[in-house]
Amino acid sequence: MTSTAQDLHPAPVLEPGRTILELRGLEKKYPGTHALKPVTLAFKSGEIHAIVGENGAGKSTLIKLLTGVMPRTSGEVIWEGKPAPLATPHEAMALGINAVHQEVVLCRHLTVAANMFLGEENSRFGILQQRAMVKEAQKIIDDLGFDLPAHVVLGDLTIGQQQLIAAARATVRGTKFLIFDEPTAYLTRKEADQLFTLIRRLKGEGVTIIYISHRMEEVFELADRVSVLRDGTLVGTRNIAETNDAELVKLMINRSIEQVYHKEHFTPGAAIVEARNLSGKGFENVSMTVRAGEIVGLYGLIGAGRSEFVTTLYGRHKKSAGQILWEGKPVQVNSEHDAIKLGMALAPESRRDQGLCLNLPVGLNLNLPIYKRISNNLLISGAQEKTQADRQIADLRIKTPTRHALASSLSGGNQQKIVIGKWLAHGAKLFIFDEPTVGVDVGTKAEIYRLFGALLSKGAGIILISSYLPEVYELADTLHVFRRGKLVATHGFRTADHEEILTQALAEKQEKLGGKT
Amino acid sequence: MSTEAIPAEKPKRNYNALFGLTLLALLVLLWVILSLSTSSFASANNISNLLRQGSMIAILAVGQTFVIITGGIDLSVGAVVGFATVIAAMLINAGVPVFLAILLTLLVGVAIGLFHGFGIVKMGLPPFIITLATLTSLRGIGLLMTNGNSISINNDAFQEFSRNSFLGVPNLFWMVILVGIPAYIFLHHSRWGRYLFSVGSNAEASRLSGVNVQRTIYMAYTLSGLCAAFVGVLLASRIGIGNPTQAEGWELQAIASSVIGGTSLFGAVGSVHGPLLGAFILATINNGANLLNVNAFWQRIITGVLIIVIVYFDGLRRRGGK
């Protein structure tokens, strides 16, 4: 193993890698949809090739074809000079093609080591060599520079750490071609750095990396080349040194970047909610006010106490001290029910776990908070149920064939629109958005931000939680920085620069890490 | 990937209805085959008998379906039926007016359901465990109360009810309609029904959307207990005795009917008409097998195979329909 990490900034000229995988007119049609129009593209060994595009642009389809999860409609894939049918996942893996998915697909109840060797266990006479496997797994993890124990149960790690294990797992299986699908969506900065180190090392070993991300700065930090998909068409491939943010965004959405962060300023009105010295599990002594017409941004690392603060405000968890005032009057919020009755709405962090009933229709999801209103004592008004759902679908431009389609059949961005949309008819005054744009493409992001403006203009207030600094920076009228359960700094709209905010969010951690970048 | 708003053509919603029709077709097919192959199947007597046989499981299956839709299971219903026959018999023999005796028996069912809700919501027990515990202990309590004996009910009017017919249809089958129609409206046209589905699909998302998840779970188990107690009353009327060991294994027949009727054991998928059809399909198979002189042991095997086949094809279509 050559363990020297690659140069931080890869040379603009590609190293003379040979072509390992070639797509010739690769195409996928579903009934009614042309998911991927014929794509011709060559990947070289030892390159990091980013693929960007909006949700639904065809990235997932491409991955599924390459990993043998789905059969292609037409076209050829040439692997090391020979046509590869890639009909089954097993075949793809045998060739050395692996993928690390955004959602960790490992066994959460097994240990890290057991997961590392899942399907390739070390056993002697049918008896698992557990200790040997833990030892070996630990060696691999240490080697990669991850500070993680191999003997613990995977589910006890954070999502980010699990992601690192998933990546480590893929590297020990003779991988020559490794696809990362939005790997950093749930990672902290430190974890992301560890992952990038791993990716660069793999590159150094000649592995081809496909890197899919919505985060432009990561693409520029890592990739050698970048390909852009739009509506199933490959609209361009660029050397990273010869392109920039603006060009890529334009290729992706046919729209300029200024139009994404669409910020309207309103004169803040009366206070809607005020937290006075609120403490609870995971945060202490937090005070803040949200006024009508204002976006209050909460920035900090995952686990800094932002989500805990808002879920306590929302009555999901008990507060241990402090007071909540709603429109100037002290209130008790003992349950979500109380919060909703006051006029709060929460679009939670995880669509899958907290936001949506995935195997139920879009319409039911949209109407869930308002069934009380659209039914009399006994029956639901079918007409109202239809009108309300159809209106949100139209207003938010949710791409769904009908309101009867299951939420699971929609793309991530459209699912997020449902999570937000279900509160619009409810008529809340305070909207809490926890990471509303994770895994959402630029176009949908712009639509969500525009929606913020519409809410504010109606006199609502917004709490916006984000781990993505540009987002809170460009949108928040007041920006609170959280660190380790405390509110450590407060800024106005663009009154501090990125670096200052980052330092405030990270400070202690950096000291602890002893000056790691 | 979803495409731009296509006019609503995909019959996603009619899925339930379609599946119902397939089941109905299967039921009719069975009836036609049995009418042609046996002389006695199509007789009024046998049809009445068949409807009586299927009715009680059908009502149990409706209550069971509410629970399964929330992602739970109610293993206690058979035991509740047996226990309810004891309560009803004791009350009636003690001279309590029949109407009041029935009401009190139903309240016992409600209490058992509430207890299940309590165990799941407040004590955090898995539905399988708490209802399994009631299954065994209710039979035990019933045996203690009766000293292991059967109680004969001394009330002819009460027993007449289950033998009589109204408009040529057995009273027991009318009871299915009495339960089925409100249950249908409740599940498919009231917000409580929607909440059953949403809790079964994602309890946390429902909670954050303002759905009272705990109350919804209490409601599901209470309705299941109520249905079971009601069936207990009907069984007491039909057989004329109170005995806690009756209705052995009915919980499994109710679950089987529900599943044959398209209910997903993972929750969030189900209907009222499906389980009703499922119950009568099972009853028809048993009835037909008797008429055809099929060994009773074979009937059980046939039922098992049928469950596998129907649920397999249902799953195939569900996946294919995506």
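Throughout, a residue's number is its position along its own chain's written sequence, starting from 1. Each chain is given a letter, starting from A, and each ligand a number, starting from 1, according to the order in which they appear as written. Selection of residues for local features in this predicted model requires a pLDDT of at least 70, selection of side-chain atom pairs for listing and counting requires 80 or more, and totals for whole chains, interfaces and linings are taken over all residues. For the side-chain quantities, the full set of heavy atoms in the structure was used; hydrogens and water were omitted.

Caption draft 1: Layout of the overall build of chain B. Counting from the N terminus, the helices are DSSP H or I runs at least four residues long and the strands are E runs at least two residues long. A count of helical and extended segments in chain B gives 13 helices and 4 strands. At 20 Å, chain B has a C-alpha radius of gyration in line with the 20 Å of a compact globule built from 322 residues. By its C-alpha atoms, chain B is 70 × 55 × 35 Å across when sized along the principal axes. Each residue's exposure class comes from its accessible area (1.4 Å probe, protein chains only) as a fraction of the maximum for that residue type: buried when under 20%, exposed when over 50%, partly exposed otherwise. Within chain B, the fraction of its 322 residues that count as buried is 53%. We call two residues in contact when some of their heavy atoms are within 4.5 Å. Taking all contacts inside chain B whose residues are at least 6 apart in sequence as the whole, residues at least 24 apart take part in 79%. Every radius of gyration here is taken over C-alpha atoms, with the globule rule written as 2.2 Å times N^0.38, N being the number of residues.

Caption draft 2: A look at empty space enclosed by the protein. All names here are of chain A. Using only the protein atoms, space was sampled on a 1 Å grid; points where a 1.4 Å probe fits but cannot get out form cavities, open sets with protein on both sides within 12 Å along at least five of seven lines form pockets, and lining residues are those with an atom within 4 Å of a point. Grid points are joined across faces, edges and corners, and a volume is the space filled by probe spheres set on the points. Overall, the coordinates contain 5 cavities of 30 Å³ or more when judged by the stated rule. One number sums up the size of the largest cavity: a volume of about 110 Å³. Shared between two domains, the lining of the largest cavity holds at least three residues of each, these being domain 1 (19–254) and domain 2 (260–343 + 428–517). Domain delimitation follows an automatic or database domain assignment.

Caption draft 3: Layout of the pairing of strand E9 (residues 177–181) of chain A. Residues and elements named next belong to chain A. Of all 5 residues in E9, 5 are buried, a share of seventy percent or more. Side chains Phe177, Ile179 and Asp181 project from E9 onto one buried face, and the interleaved Leu178 and Phe180 project onto a second face that is buried too. DSSP calls a pair of strands paired once it identifies at least 2 bridges connecting them. As paired elements, E9 and strand E10 (residues 208–212) share 5 bridges and run parallel to each other. Looking at the pairing, leucine 178 lines up with isoleucine 209 of E10. Handedness of a crossover is defined as follows: orient the strands so they point away from the viewer, and if the path from the first strand over the helix to the second runs clockwise, the crossover is right-handed. Handedness of the β-α-β unit built from E9, helix H6 (residues 189–204) and E10 comes out right-handed.

Caption draft 4: Local environment of the interface of chain B and chain A. Chain B puts 31 residues into the contact, and the matching count from chain A is 43 residues. Between chain B and chain A lies a buried interface of about 3,100 Å² when both sides are counted; carbon and sulfur atoms form 59% of it. By definition, a salt bridge exists where a carboxyl oxygen of Asp or Glu is found within 4 Å of a side-chain nitrogen of Lys or Arg. Connecting chain B to chain A are 2 salt bridges. For B:Glu204, the salt bridge is made with A:Arg316, and the minimal N-O distance between the two is 2.9 Å. Here a polar contact is recorded for every N or O atom pair within 3.5 Å, except that within protein the pair must consist of a potential hydrogen donor and a potential acceptor, and residues adjacent in sequence are included only if both atoms are side-chain atoms. Counting the contacts that link chain B with chain A gives 11 residue pairs in polar contact (both at pLDDT 80 or more). Mapped by element, the contributors of at least two residues to the side of chain B that touches chain A are helix H7 (171–189), helix H8 (191–201) and helix H9 (203–208) of chain B. Take the accessible area each of two parts loses on contact, using a 1.4 Å probe, and add the two losses: that sum is the buried area.

Caption draft 5: Region of the structure containing the packing of helix H4 (residues 98–121) of chain B against helix H10 (residues 213–239) of chain B. Residues and elements named next belong to chain B. Axis geometry follows a simple rule: fit a line to the C-alpha atoms, using only the stretch in contact for helices, then measure angles between N-to-C directions, giving values from 0 to 180 degrees. Viewed as axis vectors pointing N to C, H4 and H10 meet at an angle of 145 degrees, and their least axial separation amounts to 7 Å. Considering only the axes of H4 and H10, their crossing is right-handed. Together, Ile102, Thr105, Leu106, Gly109, Val110, Gly113, Leu114, His116, Gly117, Phe118, Ile120 and Val121 of H4 and Gln214, Ile217, Tyr218, Tyr221, Thr222, Gly225, Leu226, Ala229, Phe230 and Val233 of H10 make up the contact between the two elements. Under this grouping Gly is polar, as are all residues other than the nonpolar Ala, Val, Leu, Ile, Met, Phe, Trp, Tyr, Cys and Pro and the charged Asp, Glu, Lys and Arg. The residue makeup of the contact of H4 with H10, split by class, is 14 nonpolar, 8 polar and no charged. Crossings are sorted by hand: turned counterclockwise from the far helix by less than a right angle, the near helix makes the crossing left-handed, and turned clockwise it makes it right-handed.

Caption draft 6: Fine view of the pattern of salt bridges. All told, the structure shown has 21 salt bridges over all chains when counted by the stated rule. A salt bridge links B:Arg194 to A:Glu385, with the shortest nitrogen-to-oxygen separation between them at 2.8 Å. Note that B:Arg194 is positioned in helix H8 and A:Glu385 in helix H13 (residues 382–395), a pairing that runs across two chains. On the accessibility criterion, A:Glu385 (11% relative accessible area) is buried.

Caption draft 7: Structural context of the nonpolar core. Only buried residues count toward a nonpolar core. Its members are Ala, Val, Leu, Ile, Met, Phe, Trp, Tyr and Cys residues joined through side-chain atoms within 4.5 Å. Counting residues in each nonpolar core, the largest one holds 123 residues, and the members touching the most others are A:Phe309 and A:Leu430. Top element by residues in this core is helix H15 (residues 442–457) of chain A. It accounts for 7 residues. Contacts of A:Leu430, omitting those with residues within four sequence positions, involve A:Ile272, A:Val273, A:Val290, A:Leu313, A:Trp326, A:Gly343, A:Met344, A:Ala345, A:Gly461, A:Ile462 and A:Ile463. Counting 91 residues, the second largest nonpolar core, distinct from the first, contains A:Leu368, B:Phe197, B:Phe230 and B:Leu277.

Caption draft 8: Local environment of the domain arrangement of chain A. Residue and element names in this part refer to chain A. With domains assigned, chain A is organised as domain 1 (19–254), domain 2 (260–343 + 428–517) and domain 3 (358–426). The C-alpha-based centres of domain 1 and domain 2 are spaced at 33 Å. Counting residues at the interface gives 15 residues for domain 1 and 13 residues for domain 2. Buried surface at the junction of domain 1 and domain 2, both sides included, amounts to about 1,200 Å², of which 63% is carbon and sulfur. Viewed at the interface, domain 2 and domain 1 are joined by 0 salt bridges. Taken together, the links from domain 1 to domain 2 amount to 0 residue pairs in polar contact (both at pLDDT 80 or more). Residue assignment for the side of domain 1 that touches domain 2 shows that the elements contributing at least two residues are H6 and helix H8 (245–253).

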